[in-house]
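Working through the structure, step by step
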Amino acid sequence: MGIIYEEKSRQFHLYNDKISYIMTCLPNGQMGQLYYGKRLRHRESFGHLLEFAHRDMAPCVYENDTTFSLEHIRQEYPAFGTGDMRYPAYGIRRENGSRVSCFVYKSHIIQGGKPELPGLPAVYVEQDGEAQTLELYLEDPVAGMELVLLYTIYENMPVLTRSARFICRGP
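Below is a summary of the structure that appears in this document. Just so you know, these numbers come straight off a predicted model, no measurement behind them. (Residues numbered from 1 in each chain as written. Predicted model: local features only at pLDDT ≥ 70, side-chain atom pairs only at ≥ 80, totals over all residues. Heavy atoms only, no water.)

With respect to the sheet that holds strand S1 (residues 2-6)
Selection criterion: Strand pairing is assigned whenever DSSP detects at least two bridges linking the two strands. Helix and strand definitions follow DSSP, with helices as H or I runs of at least four residues and strands as E runs of at least two, each counted in order from the N terminus. An axis is simply a line fitted to the C-alpha atoms; with a helix, the fit covers only the stretch in contact. Between two such axes, the angle follows the N-to-C directions and lies from 0 to 180 degrees.
Read across the sheet, four strands follow the order S1-S2-S3-S4 without closing on themselves; strand pairing throughout is antiparallel. Two strands bound the open sheet, and with one partner strand each, they are S1 and strand S4 (31-38). If you compare each strand with its neighbour and ignore which way they point, the axes differ by 15° on average. Pairing of S1 with strand S2 (residues 11-15) involves five bridges; the strand directions are antiparallel. For Tyr5, the partnering residue across the bridge sits in S2 and is Phe12.

See below:
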């Protein structure tokens, strides 16, 4: 069981004997999901799992790059107003009426065990060695908000748990 961060490729690989969950920091700083399923052998980059291709009528993030469209990428926590026409994972309405947000990677922490979710029922571990947790810190500096995504992989179960926490720092 483990969580590996490859700094060069900016990818996270969460795995145990049965499953793998792989994420990457996309070119625009948002987090994208590359794979979830049967365990894969670790490698420095799983970039081959992220497809960049020109698609007619797709909204593109960058003016001169018609291959990077969030509409065709699995995102970890999709937002409104980023060019992705699917439903967002959350809704925020700021004081000025804007609903657009863009949480980008800021930092991360990998720790043993599973943190509690205050006030909520949750899976837990008896000892820290039974699981590992990745805390991803994402920020939207325009909205003055932080999003913390927590992922816990368990040693003896083919299970990954996820949760999210929003922190408002003010505009």
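Some thoughts on the sheet that holds strand S6 (residues 131-140)
Reading across from one edge, S5-S6-S7-S8 is the order of the four strands in this open sheet, with antiparallel pairing throughout. Pairing within the sheet leaves two strands with one partner each, and these edge strands are strand S5 (104-112) and strand S8 (160-168). If you compare each strand with its neighbour and ignore which way they point, the axes differ by 15° on average.

Observations concerning the pattern of salt bridges
The cut-off we apply is this: Think of a salt bridge as a Lys or Arg side-chain nitrogen and an Asp or Glu carboxyl oxygen that are within 4 Å of each other. A simple rule labels every residue: compare its accessible area, found with a 1.4 Å probe on the protein chains alone, to the largest value its type can have, and call it buried under 20%, exposed over 50%, or partly exposed in between.
Counting across every chain of the model gives three salt bridges. In this structure, Glu76 and Arg162 form a salt bridge, with 3.2 Å as the shortest nitrogen-oxygen distance. Within this pair, whereas Glu76 is found in the loop between S4 and S5, its partner Arg162 is found in strand S8, the two being separated by 86 residues in sequence. Residue classification places Glu76 among the buried positions, given a relative accessible area of 3%. Two residues, Arg169 and Glu146, come together in a salt bridge whose shortest N-O distance is 2.8 Å. Pair noted here: Arg169 is in the segment after S8 and Glu146 is in strand S7 (residues 145-154), with a separation of 23 residues, a long-range link. Sharing partners across several salt bridges, the network here consists of Lys106, Glu146 and Arg169.

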